[in-house]
Amino acid sequence: MGATNSFTYSLTNGSLTISSSDNVLRFSVMCKQGTISLLGTTPFKGLTPSAITFSVGQGATETAASPSQPLDGITITAGTSGDIATILLSTT
């Protein structure tokens, strides 16, 4: 396994999608201003995913099951210039 690298970013007025090809093992996101949303795009037991909205001070962390199974199909959105999502990703 290669080194673990960190990426930090303040997302505003846009979105960031995490795909398996990005090799993300863990991410944390927190709403710094306005509202942000988090969407997992993989259906589960026939249910269609829906976005979760976070307000200031709220957020989430997700960790991959193993380095050989990186996170996939996750979209973080800070939809307007007044919304800020603070993001930390760990990759290999």
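All of these numbers come straight from a predicted model, not from anything done at the bench.

Novice: How do you make sense of the overall build of the chain when you look at a structure like this?
Specialist: Scanning the chain for helices and strands turns up zero helices and eight strands. In the chain, the order of α-helices and β-strands from amino to carboxyl end is β-β-β-β-β-β-β-β. Computed over its C-alpha atoms, the radius of gyration of the chain comes to 13 Å, within 12% of the 12 Å expected for a compact globule of 92 residues. With the C-alpha coordinates aligned to their principal axes, the bounding extent of the chain is approximately 40 × 35 × 20 Å. By residue count, 27% of the 92 residues in the chain fall in the buried class. In the chain, 79% of the contacts between residues at least 6 apart in sequence involve partners at least 24 apart. Only carbon and sulfur atoms are counted for the fraction: they give 53% of the accessible area of the chain, which is about 5,500 Å².

Novice: I'm lost on the sheet that holds strand β3 (residues 24-33) in this one. Help?
Specialist: Picture the strands of a sheet paired through backbone hydrogen bonds; they go either parallel or antiparallel. Read from one edge of the open sheet, four strands run β1-β8-β3-β6, paired in antiparallel fashion. Every interior strand has two partners, whereas the edge strands, β1 (5-11) and β6 (59-63), have only one. Between one strand and the next, the sheet's axes are offset by a mean angle of 10 degrees, whatever the strand orientation. With seven bridges joining them, β1 and strand β8 (residues 84-91) adopt antiparallel strand pairing. Among the inter-strand pairings, N5 is bridged to a residue of β8, identified as T91.

Novice: Got a minute to help me understand the sheet that holds strand β4 (residues 35-40) in this structure?
Specialist: Taken in spatial order, the four strands line up as β2-β7-β4-β5 in an open sheet, and their pairing is antiparallel. At either margin of the open sheet sits one strand with a lone partner, and together these are β2 (14-18) and β5 (52-55). Ignoring which end each strand starts from, the neighbouring axes of this sheet average 20 degrees apart. Pairing analysis gives five bridges linking β2 to strand β7 (residues 74-78), with the strands arranged antiparallel.

Novice: When you look at the pairing of β7 in this model, what are you seeing that I'm missing?
Specialist: Consecutive side chains of a regular strand alternate in pointing toward one face of the sheet and then the other. Most of β7 sits out of view: four of its five residues are buried. In this structure, β4 lies alongside β7, joined through four bridges in antiparallel fashion. Bridge pairing in β7 places G40 opposite I74.

Novice: Help me understand the nonpolar core, please; the structure alone is not making it clear to me.
Specialist: Generally speaking, soluble globular proteins have nonpolar side chains that are buried together. Ranked by size, the top nonpolar core spans 18 residues in total, and within it I18, F27, I76 and A85 carry the most contacts. Contributing elements (two or more residues each) for this core: β3, β4, β7 and β8. When residues of this core are assigned to their parent elements, the largest contribution, five residues, is made by β3. Excluding residues within four positions of it along the chain, I76 makes contact with L11, G14, S15, L16, I18, F27, V29, S37, L38, A85 and I87.

About the thresholds
- Residues numbered from 1 in each chain as written.
- Predicted model: local features only at pLDDT ≥ 70, side-chain atom pairs only at ≥ 80, totals over all residues.
- Heavy atoms only, no water.
- Helix = DSSP H or I, 4+ residues; strand = E, 2+ residues; numbered from the N terminus.
- Rg over C-alpha atoms; globule rule 2.2 N^0.38 Å.
- Buried < 20%, exposed > 50% of the residue type's maximum accessible area, 1.4 Å probe, protein only.
- Contact = heavy atoms within 4.5 Å.
- Areas by Shrake-Rupley, 256 points an atom, 1.4 Å probe, with all protein chains shown as cover.
- Pairing = 2+ DSSP bridges.
- Axes fitted to C-alpha atoms, helices over the stretch in contact; angles between N-to-C directions.
- Core = buried A, V, L, I, M, F, W, Y, C linked by side-chain atoms within 4.5 Å.

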